[in-house]
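Coordinates in review
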Amino acid sequence: MRSSNYDKFPFVPVAASAEACQTGWAAITSVLQAALLAAPAAPGQPLVLAVECYPGTDLGQLQQALTQALQPAQCLVANDLYYPAAKIDALVAGPLTDDPVFGRLNGLTISDFIDPQRLRAVQATLAAAAGELVLVLGTGATLVCPNPSVLVYADLARWEIQQRQRRGEIANLGSENFTEKASLKYKRAFFVDWRAADRLKKQALPRADFLLDTNDPAAPKLISGADLRAGLAATVRRPFRVVPFFDPGPWGGQWLREVIDLPDGPANYAWGFDCVPEENSLLLGFGAARVEIPSIDLVFAHPRELLGEAVHGRFGTEFPIRFDFLDTMGGGNLSLQVHPLTEYAQDHFGLAYTQDESYYMLAAEPGANVYLGLKENADFPAMLADLQRAQDDPAAPFPAAEYINEFPARPHDHFLIPAGTVHCSGANGVVLEISATPFIFTFKLWDWERLGLDGRPRPIHLAHGAANIQPDRTTAWVEQNLVNQIEPVASGPGWREERTGLHEREFIETRRHWFTDLVPHHTLGGVQVLNLVQGAEAIVESPSGAFEPFVVHYAETFIVPAAVGAYTIRPHGPAAGTECATMKAYVRT
Ligand SMILES: O=P(O)(O)OC[C@H]1O[C@](O)(CO)[C@@H](O)[C@@H]1O
């Protein structure tokens, strides 16, 4: 049994005391009251408190808390100005498509949800409220009142939004689909709500006077915009971690539970997402108080310092590298699957780049394997026919062994998975996925006669799969290109560095360092993501003292912003004197 030292709630310290963070509605509203009193009141204008809200924010609770304490003359809710739900459902139907999993990325904005007639009427009411206090809140509050007296941004983490979707507490933006399947709500939020809200957030957050965190409805928190910006500026100058989250799945295992020390409740944990900045949170520390914000806020606020010039230039405000865990220890095989080629991802889903992946084996039981590529001389048309038959006829399961390679998987093996390659991790392994950020564009080909957690078969996408599988990626090619392509590249006293991938079709470079002593690293102007894949603990330090020493534990993923430049890593604490290893990923530029 491995004992856990994995930190589930990493945070970036911003201030030594909690003074700058107001917790609870009483403290929050008294600070807002003072800010309104101090706000310059333009003659003939109302005093406006605008709260721009990320979708999923509990508007009822917010309105109640603010109106009770501040007693505004009026409260205007931006969401009430939206077109009727049926019209919005029709608006998003095109980008969403009929597929249960995939839609098309699109350019919808929050303005597209708002009925201009209703907006004009409300703006006229606002203009007539000279000298009164008016509260404007909701998703689109800053479209109703672009220059309020005081602007609050109420942000919400995507993982919390997903919990609210699963509990049926929230509908999609402008919709009444409270009871719709959570997976469909997630899909709609992924393709529409979050994209549109992020476009508005990029405008509103940099000029917000306050940041409101209502992730925990029982303990809302407020910090000033200046403190938020100071926290983001501090984060981008040091190594940091985002807040991981974990989810069960039909093939999930027991390793994450033990190594990460996760609660007993769920039957298994399949996924651990510990570096998907689009989905994870960042915790900012004010004394003992923690303020949770989506980590994408950092990408939006400091793309150049975080990503570096070349990566920002190429990807914009997207974080292109994803690290996550796939745990099948004591579980099952993932679905046999393939990801879209770049042009297919562009044409069908509007993606700028595709879901190129790799599996780094953190752990594997003897006998564990990875399915990867087709067997030499596999009859591809016959394989597609057998996949189809397996869908149509429960008595004809797909004979995977006839067509698909199975490679033994041992700890520290690295399998490269350029899009178009049939693959899946088998049972009894733990994968650290080091991949491009897109993560839902999986064409399942065969799910091993198994049901999803909801007791129903999971969606299979054979037509998409058939259009993308590269049948020439067969055994010899796979062995020569995708399995353990490990080359030594450098060494020094007490350390050696190897290149392990990825494949030339993938934009990520991966380097492994084995070390018993201090290893010099440099960001070379680009963001780097690392995981301590061997050793109990290591310490990341700045040779010039530019950031505080940063301790990482086994299996923790951490991000080193481009702006950090030189840094070192050495074994630390219980790992002193032992051999540790890190896997590092960065964008080849
Ligand atoms: O589709 P399955 O069997 O759940 O596979 C695991 C999933 O996790 C991912 O690796 C994303 O992390 C997808 O590629 C894949 O769909």
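Here the structure is a predicted model, which is why all the values come from computation and not from measurement.

Basis of the calculations
- Residues numbered from 1 in each chain as written.
- Predicted model: local features only at pLDDT ≥ 70, side-chain atom pairs only at ≥ 80, totals over all residues.
- Heavy atoms only, no water.
- Helix = DSSP H or I, 4+ residues; strand = E, 2+ residues; numbered from the N terminus.
- Rg over C-alpha atoms; globule rule 2.2 N^0.38 Å.
- Areas by Shrake-Rupley, 256 points an atom, 1.4 Å probe, with all protein chains shown as cover.
- Lys, Arg positive; Asp, Glu negative; His and termini not counted.
- Charge placed at Lys NZ, Arg CZ, Asp CG, Glu CD.
- Pairing = 2+ DSSP bridges.
- Contact = heavy atoms within 4.5 Å.
- Axes fitted to C-alpha atoms, helices over the stretch in contact; angles between N-to-C directions.
- Buried < 20%, exposed > 50% of the residue type's maximum accessible area, 1.4 Å probe, protein only.
- Parallel < 35°, antiparallel > 145°, perpendicular 65-115°, else oblique.
- Nonpolar A, V, L, I, M, F, W, Y, C, P; charged D, E, K, R; others polar.
- Near = heavy atom within 4 Å.
- Polar contact = N/O pair within 3.5 Å; in protein donor to acceptor, adjacent residues only side chain to side chain.
- 1 Å grid on protein atoms, 1.4 Å probe; cavity = no way out; pocket = protein on both sides within 12 Å on 5 of 7 lines; lining within 4 Å.
- Sits in = over half its atoms within 2 Å of the grid points.
- Salt bridge = Lys/Arg side-chain N within 4 Å of Asp/Glu carboxyl O.

Here we look at the overall build of the protein
- A tally of regular secondary structure across the protein gives 17 helices and 31 strands.
- Against the compact-globule benchmark of 25 Å for 589 residues, the protein has a radius of gyration of 25 Å, which places it among compact chains.
- When the accessible area of the protein is evaluated, it comes to approximately 21,900 Å², of which 53% is carbon and sulfur surface.
- Each charge class in the protein was averaged separately, 45 positive and 67 negative side chains, and the resulting centres sit 3 Å apart.

Some remarks on the sheet that holds strand β3 (residues 47-53)
- Taken together, the 7 strands give an open sheet; going across it, the order is β2-β8-β7-β6-β3-β5-β4, and neighbouring strands pair in mixed fashion. The open sheet terminates on both sides in strands that have one partner only, identified here as β2 (22-23) and β4 (74-77).
- As paired strands, strand β7 (residues 210-213) and strand β8 (residues 221-224) are joined by 4 bridges and run antiparallel to one another. The residue of β8 that forms the bridge with Phe210 is Ser224.
- Across the sheet, helix α4 (residues 116-127) is in contact with β3, β4 and β5 (133-138); its angle to β4 comes to roughly 155°.
- Helix α8 (residues 225-235) rests against β7 and β8 of the sheet, and its axis sits at about 80° to β8.

Quick word on the pairing of strand β29 (residues 557-560)
- Here β29 shows no split at all, with Thr557 and Ile559 on one side and Phe558 and Val560 on the other all buried.
- Of the pairings in the sheet, the one linking strand β26 (residues 528-534) to β29 comprises 4 bridges and is antiparallel in character. Residue pairing in the sheet places Gln528 in a bridge with Val560 of β29.

Points about the sheet that holds strand β31 (residues 580-587)
- Strand order across the open sheet formed by 6 strands is β22-β23-β24-β31-β26-β29, with antiparallel pairing between neighbours. Because the sheet does not close on itself, it has two edges, and the strands there are β22 (487-492) and β29. Adjacent strand axes in the sheet meet at a mean angle of 25°, parallel and antiparallel pairs treated alike.
- Bridge count for strand β23 (residues 495-501) against strand β24 (residues 508-515) is 6 bridges, and the pairing is antiparallel. Bridge pairing in β24 places Trp495 opposite Phe515.

A short note on the packing of helix α3 (residues 85-96) against helix α7 (residues 182-204)
- For the pair α3 and α7, interaxial distance at closest approach is 10 Å and the crossing angle is 90°. One finds that α3 runs roughly perpendicular with respect to α7. Contacts between α3 and α7 pair Ile88, Asp89, Val92 and Leu96 from the former with Lys187, Arg188, Phe191 and Val192 from the latter.
- The residue inventory of the contact of α3 with α7, partitioned by class, reads 5 nonpolar, no polar and 3 charged.

Quick notes on the site of the ligand
- Close to the ligand lie 16 residues; Ser335, Glu433, Thr442, Lys444 and Arg458 are nearest.
- Gln337 places a side-chain nitrogen or oxygen 3.0 Å from an oxygen atom of the ligand.
- In the environment of the ligand, an oxygen atom lies 2.8 Å from a nitrogen or oxygen atom belonging to the side chain of Arg458.
- Considered on its own, the ligand offers 380 Å² of accessible surface; in the complex 96% of this is hidden by protein.
- The pocket occupied by the ligand, as judged from atoms lying within 2 Å of grid points, is the largest pocket.

Section: the environment of Arg473
- Looking at where Arg473 falls in the secondary structure, it is placed in the loop between α16 (462-468) and α17 (475-481).
- A relative accessible area of 5% places Arg473 in the buried class.
- The sequence separation of Arg473 and Thr582 amounts to 109 residues, and the corresponding C-alpha distance is 29 Å.
- In contact with Arg473, other than residues within four places in its own chain, are Gly373, Leu374, Pro418, Ala419, Gly420, Thr421, Val478 and Arg505.
- Polar contacts involving the side chain of Arg473 include one to the main-chain carbonyl oxygen of Ala419, which spans 2.8 Å.

So, the pattern of salt bridges
- Across all of its chains, the model carries 30 salt bridges by this definition.
- As a salt-bridge pair, Asp454 and Lys181 come within 3.6 Å of each other at their nearest N and O atoms. With Asp454 in the loop between β21 (443-446) and α16 and Lys181 in the loop between α6 (158-166) and α7, this pair connects stretches of sequence that are 273 residues apart.
- The partner of Asp297 in a salt bridge is Lys201, and the shortest N-O contact between them spans 2.6 Å. In this pair, Asp297 sits in helix α10 (residues 296-301) while Lys201 sits in helix α7, placing the two residues 96 residues apart along the sequence.
- A residue is classified by how much of its surface remains accessible, and Lys201, at 1% relative accessible area, is buried.
- A network of salt bridges, in which partner residues are shared, links Arg158, Arg195, Asp198, Glu278 and Glu279.

Topic: unusual backbone geometry
- A cis amide bond links Gly501 with the next residue in sequence, Leu502, at an omega value of -5°.
- Note on placement: Leu502 falls in the loop between β23 and β24.
- The phi dihedral of Gln71 falls on the positive side, at around 50°, and the residue is not glycine.
- Its place among the elements puts Gln71 in the loop between α2 (59-70) and β4.
- In this structure, Thr97 takes a positive phi of about 60° despite not being glycine.
- Here Thr97 shows up in the loop between α3 and α4.

Limitation: the analysis is restricted to geometry and does not speak to function.
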